[in-house]
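Overview (structure and organization)
Residue strings, one per chain:
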Amino acid sequence: MPQKGSLKETRVGNPYFAIGVYKHLKKNGEIILVEILANPIMYKGRKARVVLANDITEKIKYIESIEIQNKNLSEIAWIQSHLVRAPLARIMGIIQMFEHNKKMSEPEKQMFFEHIITSAHELDELIMEISQKAYLAKTKFAEE
């Protein structure tokens, strides 16, 4: 987001030239963000300024909401690439053990079967968490 400063601070160097983003208090008491461009001119033999102030409040809010959305998507991507892979890797490893070790005892089979169930439940919870985060991010973005 553009840096907000004091208009008085920018006038110190050149009292007739200013550029930047500032807070502006409207007559109704609302504070908005404005982008100011001011240039010196001569008007009827006197130094003056032509000032252009653009309300960028909604633009800044929109940019901030996109940044929040990007943060949420990054979290979802991290969860998918790191947390989901762990239980999935355990399940795949146990399946390979079953394939390669045909002489596994019943207690060993039961133990590995329990690991598969635990990993499957963990994977299910992660997928539900990802879905919930995606839904909340989508809902919040739609509201803004």
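Structural notes, computed from the coordinates. Treat the numbers as computed from the prediction; the structure is a model and nothing was measured.

1. Observations concerning the overall build of the protein
A count of helices and strands for the protein gives 4 helices and 3 strands. Taken from N to C terminus, the helices and strands of the protein fall in the order α-β-β-β-α-α-α. In the protein, buried positions account for 19% of the 144 residues. Long-range contacts, defined as pairs at least 24 residues apart, comprise 36% of the intrachain contacts of the protein with a sequence gap of at least 6. Accessible surface, the protein as shown: approximately 11200 Å² in total, 59% of it carbon and sulfur.

2. Here's the deal with the environment of Glu-122
Checked against the element boundaries, Glu-122 lands in helix H4 (residues 106-143). The partly exposed category is assigned to Glu-122, whose relative accessible area is 31%. Taking C-alpha positions, Glu-122 is 6.7 Å from Pro-87, a pair spaced 35 residues apart along the chain.

3. Details of unusual backbone geometry
Look at Lys-44: it is not a glycine, yet its phi comes out positive at around 50°. Here Lys-44 lies in the loop between strand S2 (31-43) and strand S3 (46-55).

Cut-offs used in this document
- Residues numbered from 1 in each chain as written.
- Predicted model: local features only at pLDDT ≥ 70, side-chain atom pairs only at ≥ 80, totals over all residues.
- Heavy atoms only, no water.
- Helix = DSSP H or I, 4+ residues; strand = E, 2+ residues; numbered from the N terminus.
- Buried < 20%, exposed > 50% of the residue type's maximum accessible area, 1.4 Å probe, protein only.
- Contact = heavy atoms within 4.5 Å.
- Areas by Shrake-Rupley, 256 points an atom, 1.4 Å probe, with all protein chains shown as cover.

In short, the description is geometric, and any link to function would need to be established separately.
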